[in-house]
Amino acid sequence: MARKNPSMEAAVVLHLLVMAAWCATAAFSAKPKVCDKGWECKSSVYCCNDTISDFFQVYQFENLFSKRNTPVAQAVGFWDYHSFITAAAVYQPLGFGTTGGKQTQMREVAAFLGHVGSKTSCKDPLLHAPPRTGVLSLMLSVCGYGVATGGPLAWGLCYKREMSPSQSYCDDNYLYPCTPGVDYYGRGALPVYCPRTSAAQLLGRDPTPSPMRCRNYNYGAIGDGLKVDLLNHPEYLEQNATLAFQAAIYRWMTPMKKKQPSAHDVFVGKWKPTKNDTLAKRLPGFGATMNVLHGDQVCGQGPVDGMNSMISHYQYYLDLMGVGRQYSGDNLDCAEQEAFNPSSTSSSTT
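All values reported here derive from a predicted model rather than from experimental measurement.

Draft legend 1. Up close: the side chain of Q246. Among the structural elements, Q246 can be located in helix α7 (residues 241-253). If we ignore the near neighbours within four places in the chain, the residues touching Q246 are A87, V90, Y91 and L226.

If you want it as structure tokens, here you go:
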């Protein structure tokens, strides 16, 4: 019977211990590190980066929206920094303002607010023209599509509601599936499209309750995402600034359709264009965020005012935040991009 070699046994044991330690280390390292940053960002790998309040503070918010509480504004006292940060805290663990390095994080906040500022801007009647109507609320097309016509860059967040809603908001493409005469959250019936009436125009609608009211798709979809009945109570958005910011950020972070990117995805580099996207000139950058959020209302139309207004606000905010417009990124505009989701009007004319 062969005698055991103690040194060989020791070597085998040592080898097994080393292998076990390596496997344990590999298994541990395979799990992504998650961090907590207090109330603002919890239990996410994104929370290991700076939070938004680390690089975007009250004084910067005030600089970006310095004219929002002037007498000419229609939402005096409504929007504030605390409401924005509270709303953003819901989405920071998902990567909003917390993806990539500090510069990418700051650029995303500036890009998001660039859309917000453009869509809620008003004009100084002493220097330019009276405040324009027909301006969309902060919702980034939650109420429907609209095109800003430019204006002073310091006048964002002047509005909290659509001042002269367009009947196009009741386009059949944007009606939300529901059952007439039954609560929106009712069960047991196949969804159908609720009827509409041109007299009932969402936030600018006739205030009388009516089952015939126009049901806008975006209110229903975003209400589902926020677990708030915005379909039947869109007025909640003009009563609660935090909820309004949440709705806008939800829209920024959520794709319009399956297998399509969100505005967040196309901006921070999480989206890889397909061959069809490339042929349609859709490439990652700020321009693609306008495509995701506004489609052919501003994209594929050449250098239209609505597109230029959003770009101008974005770059202005980059400057004020200390990043600088030289870091706006590639593919800044969408002048030649085909829309991800062409509108019915566009489709009918092509």
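Draft legend 2. Examining unusual backbone geometry more closely. Not every positive phi belongs to a glycine, and K259 is a case in point at roughly 70°. A positive phi angle, close to 55°, is found at N331, a residue other than glycine. Within the element layout of this structure, N331 appears in the loop between α11 (305-320) and α12 (344-348). For N331, a relative accessible area of 30% translates into the label partly exposed.

Draft legend 3. Structural detail: helix α10 (residues 286-294). Within α10, nine of the nine residues are buried, which leaves the element mostly enclosed by the surrounding structure. Along α10, the residues that are buried comprise F286, G287, A288, T289, M290, N291, V292, L293 and H294. If you follow the buried residues of α10, they end up packed against α5 (102-119), α7, α8 (263-268) and α11. In the segment just after α10, G295 is the residue with positive phi, at about 55°.

Draft legend 4. Inspection of α11 at higher detail. Taking 1.5 Å per residue as the helical rise, α11 with its 16 residues ought to reach 22 Å, and the 22 Å between its terminal C-alpha atoms agrees with that figure. Along α11, the residues that are buried comprise G306, M307, S309, M310, I311, H313, Y314, Q315, Y317 and L318. On its buried side, α11 packs onto α3 (58-64), α5, α8 and α10. In the segment just after α11, G322 is the residue with positive phi, at about 90°.

Draft legend 5. Examining the nonpolar core more closely. By size, the foremost hydrophobic cluster in this structure holds 64 residues, and its most contacted members are F56, F84 and F96. Looking at which element gives the most residues to this core, the answer is α7, with 10 residues. When near neighbours in sequence (up to four residues on either side) are disregarded, F96 contacts I52, F84, A88, Y91, E108, F112, I249, W252, M253 and H264.

Draft legend 6. Region of interest: the packing of α10 against α11. Where α10 meets α11, the axes come as close as 11 Å, and the angle between the chain directions of the two elements is 130°. Taken together, the axes of α10 and α11 lie oblique to each other. Handedness of the α10/α11 crossing: right-handed. Here F286, M290 and H294 of α10 come into contact with α11, specifically with M307, M310, I311 and Y314. Of the residues belonging to the contact of α10 with α11, the class tally is six nonpolar, one polar and no charged.

Conventions used here
- Residues numbered from 1 in each chain as written.
- Predicted model: local features only at pLDDT ≥ 70, side-chain atom pairs only at ≥ 80, totals over all residues.
- Heavy atoms only, no water.
- Helix = DSSP H or I, 4+ residues; strand = E, 2+ residues; numbered from the N terminus.
- Contact = heavy atoms within 4.5 Å.
- Buried < 20%, exposed > 50% of the residue type's maximum accessible area, 1.4 Å probe, protein only.
- Expected span 1.5 Å × (residues − 1).
- Core = buried A, V, L, I, M, F, W, Y, C linked by side-chain atoms within 4.5 Å.
- Axes fitted to C-alpha atoms, helices over the stretch in contact; angles between N-to-C directions.
- Parallel < 35°, antiparallel > 145°, perpendicular 65-115°, else oblique.
- Left-handed = near helix turned anticlockwise from the far one by under 90°.
- Nonpolar A, V, L, I, M, F, W, Y, C, P; charged D, E, K, R; others polar.

Worth remembering: the numbers are spatial, not functional.
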